[in-house]
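Coordinate inspection notes
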Amino acid sequence: MTTTAPHLLIEVDGRPATEADLRLRALDTYGHFTAMQIRDGRARGMDLHLARLDGATRELFGMGLDGERVRTALRHALEGVRDASARVYVHWQNGPDAANSTGTRPRIGAGTGGSTTLMVTVRPPAALDGRAKKLMSVPYQRPVPHIKHLGGFAQIHYGRLAERAGFDDALLTGPGGLVAESAVANIGFWDGSSIVWPDAPLLTGITMALLEPRLPAAGLPSVRRRITLADLPRFRAAFLTNSHGVAPVAGIDGTVFPGDAALLKTVTELYEGVEWDRI
């Protein structure tokens, strides 16, 4: 195996993507995906990735997605590559917006004669830069937030607005300043006695799902609680979690967190101690 991933490799159902494959996906935003970091041919939380893909496929397309099919597609795309960033996308075979001969949309789901199709992308591995992040709150919540779905225009838009204003990312909030998640990560807060995750409509990321049950054993009680922007000054520290790892949050809008180096060290070591699963 080589340690170098290609700048971008795209396969659809185990073969190099064609122009027709890419045209369909450029026009079809009805689907979902999962993103992972690969090291030495392994990924953390592989069972959670497979469960995410299967659950979302059942909800969107009315049929399950076999985990071995996903593993096979990933292994094929990663052949000869040891370390990488990888994504698995799930679409309906003909696209939900493709009209049939009668001019109507084809039905999606079990018993309709259709099937799901998998696209795997492989890029070079990614890692955090070690900087504490500054977030800008924005009045937006993702639709159908529990699914890692396609069509994230608003997340990209608000993320760019945040960067233009001198921040690193956007913090998505609901009515009354309800804190949910960042544009690309989950967020956890430290009040001095517990890790507090927002109790709000959000996507439970794989890194968050791996950390949450491990925190109590490390002496860090973990709870979910409603958090608003007005509550932020009560917290001593905050951190982000996504497939790249754990990153400290320096502040949100005008609220600056004192920070807690020991806390961040413990949370980071907990995540880094999670076993890598063979694909």
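Look up a bit, the structure's there.
This report concerns the structure included in the present document. (Residues numbered from 1 in each chain as written. Predicted model: local features only at pLDDT ≥ 70, side-chain atom pairs only at ≥ 80, totals over all residues. Heavy atoms only, no water.)

**Concerning the overall build of the protein chain**
Scanning the protein chain for helices and strands turns up six helices and 16 strands. For 279 residues, the compact-globule formula gives about 19 Å, and the C-alpha radius of gyration of the protein chain, at 20 Å, lands near that figure. For the C-alpha atoms alone, the extent of the protein chain along its principal axes is close to 60 × 45 × 35 Å. Out of the 279 residues in the protein chain, the part that is buried amounts to 47%. Here the contacts in the protein chain between residues at least 6 apart in sequence split such that 73% fall between residues at least 24 apart. Element-wise, carbon and sulfur atoms account for 53% of the exposed surface of the protein chain, whose accessible area totals about 13300 Å². Averaging the positions of the 31 positive and the 29 negative side-chain charges in the protein chain gives two centres separated by 2 Å. (Helix = DSSP H or I, 4+ residues; strand = E, 2+ residues; numbered from the N terminus. Rg over C-alpha atoms; globule rule 2.2 N^0.38 Å. Buried < 20%, exposed > 50% of the residue type's maximum accessible area, 1.4 Å probe, protein only. Contact = heavy atoms within 4.5 Å. Areas by Shrake-Rupley, 256 points an atom, 1.4 Å probe, with all protein chains shown as cover. Lys, Arg positive; Asp, Glu negative; His and termini not counted. Charge placed at Lys NZ, Arg CZ, Asp CG, Glu CD.)

**Quick look at the sheet that holds strand E5 (residues 84-92)**
Taken together, five strands build an open sheet; the order of strands is E2-E1-E6-E5-E3 and the sheet is antiparallel. Each edge of the open sheet is held by one strand with a lone partner, namely strand E2 (15-16) and strand E3 (32-38). The pairing of E3 with E5 spans seven bridges and is classified as antiparallel. Counted as the bridge partner of Phe33 is Tyr89 from E5. This element, helix H3 (residues 67-77), spans strand E1 (9-12), E3, E5 and strand E6 (116-123) of the sheet and lies at about 35 degrees to E6. (Pairing = 2+ DSSP bridges. Axes fitted to C-alpha atoms, helices over the stretch in contact; angles between N-to-C directions.)

**What about the packing of aromatic side chains?**
Scanning the entire structure with this criterion turns up seven aromatic pairs. Residues Phe33 and Tyr89 carry aromatic rings whose centres are separated by 5.2 Å and whose planes lie at 25 degrees to one another, so their mutual orientation is stacked. Of this pair, Phe33 sits in strand E3 while Tyr89 sits in strand E5; the two residues are 56 residues apart in sequence, bridging distant segments of the chain. For the pair Phe33 and Tyr89, one class covers both residues: buried. Members of the aromatic cluster, connected to one another through ring pairs, are Tyr30, Phe61 and Trp92. Stacked on the ring of Tyr271, the Lys or Arg Arg44 has its end atom at 4.4 Å from the ring centre. (Phe/Tyr/Trp six-rings, centres within 6.5 Å; stacked < 30°, edge-to-face > 60°. Lys NZ or Arg CZ within 6 Å of the ring centre and 35° of its normal.)

Purely geometric numbers; function is a separate question.
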